[in-house]
Amino acid sequence: MSGNNYNDGGWEPVTRLGRMVQEGEIDTMEDALNSGLPLKEPEIVDQLLPGLDDEVLDINMVQRMTDSGRRVKFRCVVVVGDRNGYVGYAEGRDDQVGAAIQKAIGIAKLNIIKVPRGSGSWEDRSDRPHSLTRQTTGKAGSVEVELVPAPEGLGLAASDTVRAVLELAGIENAWTKSHGNTRTTVNLAKATFNALENASQSRHPSSRGGRDEAEVADQ
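The rules we used
Residues numbered from 1 in each chain as written. Predicted model: local features only at pLDDT ≥ 70, side-chain atom pairs only at ≥ 80, totals over all residues. Heavy atoms only, no water. Pairing = 2+ DSSP bridges. Helix = DSSP H or I, 4+ residues; strand = E, 2+ residues; numbered from the N terminus. Contact = heavy atoms within 4.5 Å. Axes fitted to C-alpha atoms, helices over the stretch in contact; angles between N-to-C directions. Salt bridge = Lys/Arg side-chain N within 4 Å of Asp/Glu carboxyl O. Buried < 20%, exposed > 50% of the residue type's maximum accessible area, 1.4 Å probe, protein only.

Participant: What is the right way to look at the sheet that holds strand E7 (residues 136-140) in this model?
Facilitator: In any sheet, the strands associate via hydrogen bonds between backbone groups, in a parallel or an antiparallel arrangement. Spatially, E7-E8-E10-E9 is the arrangement adopted by the 4 strands of the open sheet, whose pairing is mixed. Pairing within the sheet leaves two strands with one partner each, and these edge strands are E7 and strand E9 (156-157). Taken together, the 2 bridges between E9 and strand E10 (residues 174-179) define a ladder with parallel strand orientation. Along E10, the bridge assignment pairs Ala157 with Trp175. Of the strands in this sheet, E7, strand E8 (143-149) and E10 are in contact with helix H6 (residues 185-201), which crosses E7 at around 140°.

Written as structure tokens, this is what we have:
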């Protein structure tokens, strides 16, 4: 499913970052994220990461009592990614399923992160960035997800929800562990994304001696 519906009527940037992207001053997603400017327009991601994939992980009906009676909305859990190091996660709510999905896709683009990839397993010295560079964990509610670098060829030892997030991030090989109420898709997906975000925020070298993308690119 494609969520790139923001450019159909032409895009007029309303933020400084958006204008810099449209004018060509910033032409990569990495530069946009490193600019220090807030990412507030999903069209920026559409332009810098064309062909971004998205996947709906869960759709739930949420009921709430108000003064005017019972209101029903749909909550959609969505992950987006380019399968090459960039991934975003979000939830969206609306009276209609389609609108909730589009809201979630738009928010997920604003939550996009760059995942450090490499060969972080001591069993593997591949030059190709196919796994994580270090072990990382993430939490959401009662759920905790641990991601561990794995050698090339292992694949993703993960549940369907965790696998979907990792695949869209471009992680092809990893061991995973999860604890808590893992049947709750929203928390399992969010915990996985949080683990990737924690890895992206860490600048420490991998304790397993793996090389990250920057090191490989310099060679």
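Anyway, onward from the coordinates.
Participant: What should I look at first to understand the sheet that holds strand E2 (residues 69-81) in this one?
Facilitator: Reading across the sheet, the 4 strands line up as E1-E2-E3-E4 and stay open at both edges, with antiparallel pairing between neighbours. Both edges of this open sheet fall to strand E1 (53-66) and strand E4 (113-114), since each of them pairs with a single strand only. Bridge count for strand E3 (residues 86-94) against E4 is 2 bridges, and the pairing is antiparallel. Looking at E4, one finds that Tyr86 is bridged to Lys114. Contacting E1, E2 and E3, helix H4 (residues 97-110) crosses the sheet at an angle of about 145° to E3. Here helix H5 (residues 160-169) sits on the sheet in contact with E1, E2 and E3, set at roughly 130° to E1.

Participant: Whenever I open this one, the pattern of salt bridges confuses me. Can you help?
Facilitator: Pairs can form between side chains of opposite charge once their charged atoms are near each other. As enumerated under the stated definition, the model contains 6 salt bridges in all. Between Arg71 and Asp95 there is a salt bridge; the shortest N-O distance is 3.8 Å. Linking Arg71 in strand E2 with Asp95 in the loop between E3 and H4, this pair joins segments that are 24 residues apart in sequence. When its relative accessible area of 34% is taken as the criterion, Arg71 is described as partly exposed. Notably, a salt bridge pairs Arg128 with Glu172, separated by 2.9 Å at the nearest N-O pair. On the criterion of sequence distance, the pair formed by Arg128 in the loop between strand E5 (117-118) and strand E6 (131-132) and Glu172 in the loop between H5 and E10 is long-range, its members being 44 residues apart. According to the relative accessible area criterion, Arg128 is partly exposed, its value standing at 35%.

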